[in-house]
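One letter stands for each residue in the lines below.
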Amino acid sequence: MSDATKELKEKLFYKAPYAGEKMTSDEVDAADSFCEGYMSFLDAAKTEREAVEQAVALAEMNGFAPYVPGRIYPAGSKIYYNNRGKAIILAVIGESGLTDGARIIAAHIDSPRLDLRPNPLYEQDGEALFKTHYYGGIKKYQWTAIPLALHGVIVKKDGSTVKVRIGEEDNEPKFVISDLLPHLAAEQMRKTMAEGIAGEDLNVIVGSRPFDGSDEAQNVKLNVLNILFEKYGVTEADFLSAELEIVPAFKACDIGFDRSLIGSYGHDDRVCAYPALMALLDTELPRHTTLCVLTDKEEIGSEGNTGLNSAYMAFFIKALAAAEGLEGEAVLSASKCLSADVNAAFDPNFPSVFEKNNSSYLNKGVVITKYTGARGKGGSSDAPAEFMAEVRAMLDNANVCWQIGELGKLDAGGGGTVAKYVASHNIEVVDVGVPVLSMHAPFEVVAKLDVYAAYRAFFEFYQK
Ligand code: MN
Ligand code: MN
């Protein structure tokens, strides 16, 4: 190939290179050390409530204070609005306030898991078990025969809250859902993967020794309730006003001889939430008022008053606008948002569901997803070409590694993000996030260079 041909190819072809190619060794080191903070966050924040607690702690260390309705905030003010302990909006007031709209990054902090049912505890054949109700899109068979932890809150009738977090420390017990031994699984193995483990099979073992050592009916259950009563002062009826979540007991860890990847529960979507939060904490005096929205309930369709299908984000922006004497709807209409959520990384183990030219890959940087949805873009917010151009120019100008991606092959399935709920307020929005392997599995995988690219992309957006 002549040099001229090579040059012309470089000029005319589009190719997302390996992210490390564009980075200095100092930047690669910076990416690795950024990910150490991310891994601590993953272990400390396995549920939406824990993620909000971590965000509040980090924000307060960085000079953020709770939002006071009606107060007029000068430029540079750092505030946060905690929505019921399950979602949070953090804001840095910009030099021009909300005059030209807000700059918003929205990520979600709920992840697929097993919730306890309102009346979860029962005894059967010598075991005490919890009945669960799966939350979000899971492959049920992946949740058997792995160590599990219990996180959440029990709220008593007097309004007091008991926090529960068991199974994370080395000296704490863990929990497990049993699976059938292969020797006796002939019939199970003939079922489809969707049917091999059913929702009603996801029962968590929580005890096996009877109270008093006596083999009477319900004594194993009684023993568990007695332990819970002694530890937390709760009775069986208190489960009725609890939010208890079964999550994997794994900790985040490096993957690969080269330590290039991170394996963990809950990358979707903490892998965008954490970089978005860090980018905001590092933003001192932006031009526009910048918001980091960490929301709940994305995995079940953004429903409820802590999900982005509720008006809580718009209410917050309208309240800030009113304090500045601006009209809320005009501010929303002038706002721009990165919907920060993951996409499926191309998986060499399963190439048949991906279209190579329009998939995101590990280690190629942050992925811009113009639209999600299923079939004919159903259920998607399709970002306009104008905003796509703005975002890719911003990333190129800042030398941030990025790529484009669709969620797999047409007709292979589909999915959605919060983008359409943001767009419903007439806000300009596009999905920008991190490629993930084994998405929604109890143990997902991301690349460190991509996590850092997300941080850099989000930081640039906040400075615009
Ligand atoms: Mn997600
Ligand atoms: Mn998800």
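Residues numbered from 1 in each chain as written. Chains lettered and ligands numbered in written order. Predicted model: local features only at pLDDT ≥ 70, side-chain atom pairs only at ≥ 80, totals over all residues. Heavy atoms only, no water.

Draft legend 1. Highlighting the overall build of the chain. From N to C terminus, the chain includes 12 helices and 22 strands. Relative to the compact-globule value of 23 Å for 464 residues, the chain shows a C-alpha radius of gyration of 24 Å, a close match. The principal-axis extents of the C-alpha atoms in the chain amount to approximately 80 × 65 × 45 Å. Of all 464 residues assigned to the chain, the portion counted as buried reaches 52%. Counting 45 positive and 66 negative side-chain charges, the chain places the centres of these two groups 3 Å from one another. (Helix = DSSP H or I, 4+ residues; strand = E, 2+ residues; numbered from the N terminus. Rg over C-alpha atoms; globule rule 2.2 N^0.38 Å. Buried < 20%, exposed > 50% of the residue type's maximum accessible area, 1.4 Å probe, protein only. Lys, Arg positive; Asp, Glu negative; His and termini not counted. Charge placed at Lys NZ, Arg CZ, Asp CG, Glu CD.)

Draft legend 2. Geometry of the pairing of strand β13 (residues 290-295). With 6 of 6 residues buried, β13 is to be regarded as a mostly interior element. The alternating pattern of β13 places T290, C292 and L294 on one face and L291, V293 and T295 on the opposite face, and all of these are buried. Bridging between strand β3 (residues 87-92) and β13 involves 5 bridges; their strand directions are antiparallel. The residue bridging A91 from the neighbouring strand is L291, located in β13. Note: strand β4 (residues 103-108) against β13, 6 bridges, orientation parallel. The residue bridging I105 from the neighbouring strand is C292, located in β13. (Pairing = 2+ DSSP bridges.)

Draft legend 3. Layout of the layout of surface pockets. Estimates place the volume of the largest pocket at around 1200 Å³. Looking at the largest pocket, it is lined by 42 residues, and the ones nearest its centre are A344, L407, G414, M439 and H440. Of all the secondary structure elements, the ones that give two or more residues to the lining of the largest pocket are β15 (343-344), β19 (414-415) and α11 (419-423). Here the lining of the largest pocket is built from residues that sort into 15 nonpolar, 18 polar and 9 charged. For the lining of the largest pocket, the two domains that each supply at least three residues are domain 1 (3-111 + 265-463) and domain 2 (113-248). I166, F175, V206, I227 and L228 are the residues nearest the centre of the second largest pocket, which is lined by 23 residues in total. Among the secondary structure elements, those contributing two or more residues to the lining of the second largest pocket are β7 (148-155), β8 (161-166), β9 (203-207) and α6 (219-232). Ranked by the residues each element gives to the lining of the second largest pocket, the list is headed by α6, at 6 residues. Here the residues of the lining of the second largest pocket sort into 16 nonpolar, 3 polar and 4 charged. (1 Å grid on protein atoms, 1.4 Å probe; cavity = no way out; pocket = protein on both sides within 12 Å on 5 of 7 lines; lining within 4 Å. Points joined across faces, edges and corners; volume = space filled by probe spheres on them. Nonpolar A, V, L, I, M, F, W, Y, C, P; charged D, E, K, R; others polar. Domains from an automatic or database assignment.)

Draft legend 4. Just the coordination of the manganese ion (ligand 2), in detail. All of the protein donors around the manganese ion (ligand 2) are D268 (OD), E299 (OE), E299 (OE) and H440 (NE2); their distances to the metal are 2.0 to 2.6 Å. If you list the donors of the manganese ion (ligand 2) from N- to C-terminus, the spacing comes out as D-x30-E-x140-H. Taken as an interatomic distance, the gap from the manganese ion (ligand 2) to the manganese ion (ligand 1) is 3.3 Å; D268 donates to each of them. Taken together, the residues E299 in the loop between β13 and α8 (312-323) and H440 in the loop between β21 (435-436) and β22 (444-447) connect sequence positions 141 residues apart. Each member of the pair E299 and H440 is classed as buried. (Donors = N, O, S within 2.8 Å, 3.2 Å for Na, K, Ca; no water.)

Draft legend 5. Region of interest: a nonpolar patch on the surface. A cluster of nonpolar side chains, namely L8, L12 and F13, defines an oily patch on the protein surface of about 350 Å² accessible area. Turning to its location among the elements, L8 is positioned in helix α1 (residues 3-12). (Patch = residues over 30% accessible without salt bridge, like charges linked within 9 Å, V, L, I, M, F, W, Y side chains within 5 Å. Areas by Shrake-Rupley, 256 points an atom, 1.4 Å probe, with all protein chains shown as cover. Salt bridge = Lys/Arg side-chain N within 4 Å of Asp/Glu carboxyl O.)

Draft legend 6. Fine view of a negative patch on the surface. There is a patch of like negative charges on the surface, built from D26, D29, D32 and E36. Examined against the element boundaries, D32 turns out to sit in helix α2 (residues 25-44). With relative accessibility at 31%, the residue D32 sits in the partly exposed group.

Draft legend 7. Fine view of the nonpolar core. One finds L90, L294, L338, L395, V430 and F458 to be the most contacted residues of the largest nonpolar core, which totals 67 residues. With residues near it in sequence (within four places) discarded, L395 still touches V366, I368, V400, W402 and A457. (Core = buried A, V, L, I, M, F, W, Y, C linked by side-chain atoms within 4.5 Å. Contact = heavy atoms within 4.5 Å.)

Draft legend 8. Representation of the sheet that holds β22 in the model. With respect to topology, 3 strands assemble into an open sheet ordered β11-β12-β22, the strand pairing being antiparallel. Either end of the sheet is taken by a strand with one partner, and the two such strands are β11 (253-255) and β22. Pairwise comparison of adjacent strand axes, ignoring direction, gives a mean angle of 35° for this sheet. Here β11 pairs with strand β12 (residues 261-264) via 3 bridges, running antiparallel. Its bridge partner lying in β12, I255 is registered against L261. (Axes fitted to C-alpha atoms, helices over the stretch in contact; angles between N-to-C directions.)

Draft legend 9. Quick peek at the domain arrangement of the chain. If you check the domain split of the chain, you get domain 1 (3-111 + 265-463) and domain 2 (113-248). For domain 1 and domain 2, the distance between their C-alpha centres works out to 34 Å. The partner domain 2 presents 16 residues to the 20 residues of domain 1 that form the contact. Taken together, the two surfaces of domain 1 and domain 2 that pack against each other cover about 1500 Å², and 46% of this comes from carbon and sulfur. Inspection of the domain 1/domain 2 interface yields 6 salt bridges. With a shortest N-O distance of 3.0 Å, E168 and K46 are connected by a salt bridge. Seen at the junction of domain 1 and domain 2, the total is 12 residue pairs in polar contact (both at pLDDT 80 or more). Only α2 and α3 (48-61) provide two or more residues apiece to the side of domain 1 that touches domain 2. Considering each element in turn, the side of domain 1 that touches domain 2 owes the most residues, 4 residues, to α3. A breakdown of the residues in the side of domain 1 that touches domain 2 according to their chemical character gives 5 nonpolar, 3 polar and 12 charged. (Buried area = accessible area lost by both parts, 1.4 Å probe. Polar contact = N/O pair within 3.5 Å; in protein donor to acceptor, adjacent residues only side chain to side chain.)

Draft legend 10. Looking closely at the pairing of strand β6 (residues 127-135). Direction of pairing for strand β5 (residues 113-124) relative to β6: antiparallel, over a ladder of 8 bridges. Bridge assignment links E123 to a residue of β6, and that residue is A128. Here β5 folds back onto β6, and the loop between the two strands holds 2 residues, one of which, D125, carries a positive phi near 50°.

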